Amino acid sequence: ASRSERLKSFESEVNESFQLDLVGNTRQRMVKRKVKRFSSNSLSLDISLGGGWPQGRIILICGPEGGGKSELCTQACVSIENYSHETGNRLTPEHIEEKPDDKGMALYCDIEGTADLTWMEHKGFNFDHHSYASLDYTEQVIDVVDTAIEQGVFDVIVVDSLAAMSPLTEVN
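Structure report, in brief. (Residues numbered from 1 in each chain as written. Predicted model: local features only at pLDDT ≥ 70, side-chain atom pairs only at ≥ 80, totals over all residues. Heavy atoms only, no water.)

## A short note on the pattern of salt bridges
- What the rule picks out here adds up to two salt bridges.
- Among the salt bridges present, the one from glutamate 81 reaches lysine 103, with a minimum N-O distance of 3.2 Å. Taken as a pair, glutamate 81 in the loop between helix H4 (69–80) and helix H5 (93–98) and lysine 103 in the loop between H5 and strand E3 (106–110) lie far apart in primary sequence, 22 residues in all.
- Its salt-bridge partner being lysine 99, residue glutamate 86 comes within 3.2 Å of it at the nearest N-O pair. Separated by 13 residues along the polypeptide, glutamate 86 in the loop between H4 and H5 and lysine 99 in the loop between H5 and E3 bring together distant segments of the chain.
- Take glutamate 86: its relative accessible area is 56%, and that puts it in the exposed class.
- Judged by its relative accessible area of 35%, lysine 99 is partly exposed. (Salt bridge = Lys/Arg side-chain N within 4 Å of Asp/Glu carboxyl O. Helix = DSSP H or I, 4+ residues; strand = E, 2+ residues; numbered from the N terminus. Buried < 20%, exposed > 50% of the residue type's maximum accessible area, 1.4 Å probe, protein only.)

## Here's the deal with unusual backbone geometry
- Omega for the peptide link from aspartate 160 to serine 161 comes to 10 degrees, which places this bond in the cis form.
- Looking at the secondary structure, you find serine 161 in the loop between strand E5 (156–160) and helix H8 (168–171).
- Positive phi, close to 70 degrees, is recorded for asparagine 41, a residue that is not glycine.
- Turning to its location among the elements, asparagine 41 is positioned in the loop between strand E1 (37–38) and helix H3 (43–48).
- Given the relative accessible area of 45%, asparagine 41 is considered partly exposed.

## So, H4
- The end-to-end C-alpha distance of H4 is 17 Å, a good match for the 16 Å that twelve residues give at a rise of 1.5 Å each.
- For H4, the complete set of buried residues consists of Cys73, Thr74, Gln75, Ala76, Cys77, Val78, Ser79 and Ile80.
- Tucked into the core, H4 has its buried residues touching E1, strand E2 (53–54), E3, helix H6 (117–122) and E5. (Expected span 1.5 Å × (residues − 1). Contact = heavy atoms within 4.5 Å.)

## What to know about the side chain of serine 84
- For serine 84, the location among the structural elements is in the loop between H4 and H5.
- Classification of serine 84 as buried rests on a relative accessible area of 4%.
- Here the side chain of serine 84 touches glutamate 86 through a polar contact of 3.1 Å, landing on its backbone nitrogen.
- Setting aside its immediate chain neighbours within four residues, serine 84 contacts Asn89, Leu91, His95 and Asp102. (Polar contact = N/O pair within 3.5 Å; in protein donor to acceptor, adjacent residues only side chain to side chain.)

## Observations regarding a negative patch on the surface
- Taken together, the side chains of Glu139, Asp143, Asp146 and Glu150 make up a negatively charged region of the molecular surface.
- With relative accessibility at 35%, the residue glutamate 139 sits in the partly exposed group. (Patch = residues over 30% accessible without salt bridge, like charges linked within 9 Å, V, L, I, M, F, W, Y side chains within 5 Å. Areas by Shrake-Rupley, 256 points an atom, 1.4 Å probe, with all protein chains shown as cover. Lys, Arg positive; Asp, Glu negative; His and termini not counted. Charge placed at Lys NZ, Arg CZ, Asp CG, Glu CD.)

## So, the sheet that holds E5
- Here we have three strands laid out as an open sheet, ordered E4-E3-E5, and parallel in their pairing. Single-partner strands in this sheet number two, and they are strand E4 (131–134) and E5. Each strand axis lies, on average, 10 degrees off the axis of its neighbour in the sheet, ignoring direction.
- Alignment of E3 against E4, held across four bridges, turns out to be parallel. (Pairing = 2+ DSSP bridges. Axes fitted to C-alpha atoms, helices over the stretch in contact; angles between N-to-C directions.)

Listed below in structure tokens is the structure:
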């Protein structure tokens, strides 16, 4: 059988197994939709991201130790403060004056316990506006993030880092 026939067979088998339309030609399934984005405060990164960090999406940042992953996360938290929680649009000074509670908010969950709070503050992380949580184990992280999502208070939630997450049974 040709490669395209094998591909169709694969798609059919997977879709039948899960009783869903999970696999198929992406181009045929793409729906053009405008995703709101907010600036990373780095022109080259904004261009690479297609216009900035996408709002309402899960983003996984991977890289070597000391590669700047926490820096990117901190900058995302700093940047979101310039955007409206209500509309997702960049805030103007007039808007901030009218609705001071509308500034975007971030929750930074530190799993490793290695976040340098003085450094974060130096980089612009506003501890009086954003929330910071030092968490110890996976179940705690899941509960905090789940509650944060349900409450809808935060525009950015950072979990730093997934690699450091351990279940409570392993922590004890």
